[in-house]
Amino acid sequence: MTRRSFKEVALPVLGIGVLILVLPLFIPEYMSGLVTKMMYYGLFGLSLNIIWGYAGIPSFGHAAFYGVGAYTAGILALKTDIGNFWATLVLAIIATAVVAAILGIPAFRVFGVGAGATNPIYFLLVTLAFGELLSRLAISARPVTGGSTGLSGIPEPDLGFGITVSSQSYYYLVFAVLVICSYVIYRIVNSHYGYALRGIHDNERRMQALGYNTWLYKYTSWIIAAVFGGVAGVLFVYDSGTLLPRSLAMATSDIAFLLVIMGSTTVFFGPLVASVVFVGVEYIASLYLPARWPLIFGAMFVFTIMVIPQGLGVWVLGLWRRVIRGSA
């Protein structure tokens, strides 16, 4: 790694990592809870950006996988003897991958391939329908999912290794999962596979001419994105202790959509930056204007599109590079 690349990449990552590690020592407990929420929302946004920013496939149904992961963890915690966090996480990943694999077949049949691709709006509507369908399924399967009242009283996870769960230990658990998942996602999108997704995003017909099975690349990226969305759902349900069917529906997908738009589809860490802003604004609104939150949420979309269409990630990256050049 060159000195410049160290300053541009490794230095800010290490600095932010150290800051997050020591932050609970200097802030009240409720602020640690907000940072925890920022972290798993950031992972939620990163997961959607795999298919949107890199493969060029926006989806209105990404909350379906977030909800599947959350419901799997919640049901296992309440209805079975499986209380270990790591076992629950693995089972939630498997469940999310299976659901994504099943839903992806009709979704990409609608989307089409290359010159035969249909208008992407049909794909968006189909993914929206998937989220609403699973939401209605969660309401109807009352004995398992709790119906419209959802699940409540979800116990704290057993982390094993003699670790007692507290708000602080859970904070560090979420941070560790975020770091691992972010690294894995970064490696995926910067691998040969990730560059193939970018090529499909830019010119799918050319990638087909080069011999790439573009349908398979898009289909597998859909499953990979779903898995990380499911992990974010698991982190969410153990943090909140409650779960409602709306976690599978459009309202939750809107959050991921906003995180990607606000953060930037072209900068890897963009959704993480956007999650900090989003959770901060949501918290302030809950204190002073709770009844106006839907209006504020919509205004954030409008502000992002009109004022910072390239996203906060581009702005932050440009600012940091100017700082580096100034120091040089």
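Here the structure is a predicted model, which means the values were calculated and not measured.

Take the overall build of the chain next. Scanning the chain from N- to C-terminus turns up 14 helices and zero strands. Shown N-terminal to C-terminal, the secondary structure of the chain runs as helices and strands in the order α-α-α-α-α-α-α-α-α-α-α-α-α-α. Against the compact-globule benchmark of 20 Å for 328 residues, the chain has a radius of gyration of 20 Å, which places it among compact chains. On the principal axes, the C-alpha backbone points of the chain span a range of 50 × 50 × 45 Å. A buried classification covers 48% of the 328 residues belonging to the chain. Taking as baseline every contact in the chain between residues at least 6 positions apart, the subset at least 24 positions apart corresponds to 78%. The averaged location of the 11 negative side-chain charges in the chain is 13 Å from the averaged location of its 18 positive side-chain charges.

Moving on: the pattern of salt bridges. Should their charged atoms come close, side chains of opposite charge can pair. One pass over the structure, following the stated rule, counts two salt bridges. A salt bridge links K37 to E282, with the shortest nitrogen-to-oxygen separation between them at 2.9 Å. Here the residue K37 occupies a position in helix 2 (residues 29-54), and E282 occupies one in helix 12 (residues 270-288), the gap between them amounting to 245 residues. In this structure, K37 and E282 share a single accessibility class: buried. E204 serves as the salt-bridge partner of K218, at 3.3 Å between the closest nitrogen and oxygen.

Take the environment of I94 next. In this fold, I94 is placed in helix 4 (residues 85-111). Taking C-alpha positions, I94 is 38 Å from F26, a pair spaced 68 residues apart along the chain.

Considering the arrangement of structural elements, one finds S59 in the loop between helix 2 and helix 3 (63-79). Look at S59 and you get buried, because its relative accessible area is 1%. Only 3.1 Å separates the side chain of S59 from the backbone nitrogen of G61, close enough to count as a polar contact.

In this section: the nonpolar core. Nonpolar side chains in soluble globular proteins tend to end up buried together. In this structure, F85, W222, Y238 and F278 are the most contacted members of the largest nonpolar core, which totals 89 residues. Excluding residues within four positions of it along the chain, F278 makes contact with Y41, I255, L258, L259, W293, F297 and M300.

Bringing the packing of aromatic side chains into the picture now. Taken as a whole, this structure holds 23 aromatic pairs when the rule is applied. Judged by centre distance (6.2 Å) and plane angle (65°), the rings of Y40 and F236 are edge-to-face. Placement of the pair is Y40 in helix 2 and F236 in helix 10 (residues 214-240), with a sequence separation of 196 residues. Like Y40, the residue F236 is buried in the burial classification. On the basis of an interplanar angle of 80° and a centroid distance of 6.0 Å, the ring pair of F278 and F297 is categorised as edge-to-face. Of this pair, F278 sits in helix 12 while F297 sits in helix 13 (residues 293-307), placing them 19 residues apart in sequence. Using a relative accessible area of 1% as the deciding quantity, one classes F278 as buried.

The next thing to look at is the packing of helix 8 (residues 192-202) against helix 10. Direction vectors running N to C along helix 8 and helix 10 enclose 115°, while the axes themselves pass 10 Å from each other. With respect to helix 10, the element helix 8 is oriented roughly perpendicular. The handedness of the crossing between helix 8 and helix 10 comes out as left-handed. From helix 8, H192, Y193, A196, L197 and I200 reach across to helix 10, where they touch T214, Y217, K218, T220, S221 and I224. Of the residues in the contact of helix 8 with helix 10, the class split is six nonpolar, four polar and one charged.

The next thing to look at is unusual backbone geometry. For S264, which is not glycine, the phi torsion reads 115° and is therefore positive. Structurally, S264 can be placed in the loop between helix 11 (250-263) and helix 12. Here S264 falls in the buried class, since its relative accessible area comes to 2%.

Let's shift gears to the packing of helix 11 against helix 12. Between helix 11 and helix 12, the shortest axis-to-axis distance is 7 Å and the interhelical angle comes to 115°. Considering their axes alone, helix 11 and helix 12 lie roughly perpendicular with respect to each other. Both helix 11 and helix 12 take part in a crossing whose hand is right-handed. Contacts between helix 11 and helix 12 pair I255, L258, L259, M262 and G263 from the former with G270, P271, A274, S275, V277 and F278 from the latter.

What follows is about the side chain of S247. Checked against the element boundaries, S247 lands in the loop between helix 10 and helix 11. Here S247 falls in the buried class, since its relative accessible area comes to 7%. When neighbours within four sequence positions are excluded, S247 is seen to be in contact with A63, Y66, G67, F236 and T252.

Here is what the cut-offs are and how they apply
- Residues numbered from 1 in each chain as written.
- Predicted model: local features only at pLDDT ≥ 70, side-chain atom pairs only at ≥ 80, totals over all residues.
- Heavy atoms only, no water.
- Helix = DSSP H or I, 4+ residues; strand = E, 2+ residues; numbered from the N terminus.
- Rg over C-alpha atoms; globule rule 2.2 N^0.38 Å.
- Buried < 20%, exposed > 50% of the residue type's maximum accessible area, 1.4 Å probe, protein only.
- Contact = heavy atoms within 4.5 Å.
- Lys, Arg positive; Asp, Glu negative; His and termini not counted.
- Charge placed at Lys NZ, Arg CZ, Asp CG, Glu CD.
- Salt bridge = Lys/Arg side-chain N within 4 Å of Asp/Glu carboxyl O.
- Polar contact = N/O pair within 3.5 Å; in protein donor to acceptor, adjacent residues only side chain to side chain.
- Core = buried A, V, L, I, M, F, W, Y, C linked by side-chain atoms within 4.5 Å.
- Phe/Tyr/Trp six-rings, centres within 6.5 Å; stacked < 30°, edge-to-face > 60°.
- Axes fitted to C-alpha atoms, helices over the stretch in contact; angles between N-to-C directions.
- Parallel < 35°, antiparallel > 145°, perpendicular 65-115°, else oblique.
- Left-handed = near helix turned anticlockwise from the far one by under 90°.
- Nonpolar A, V, L, I, M, F, W, Y, C, P; charged D, E, K, R; others polar.

Function cannot be read off these values alone, since they describe shape.
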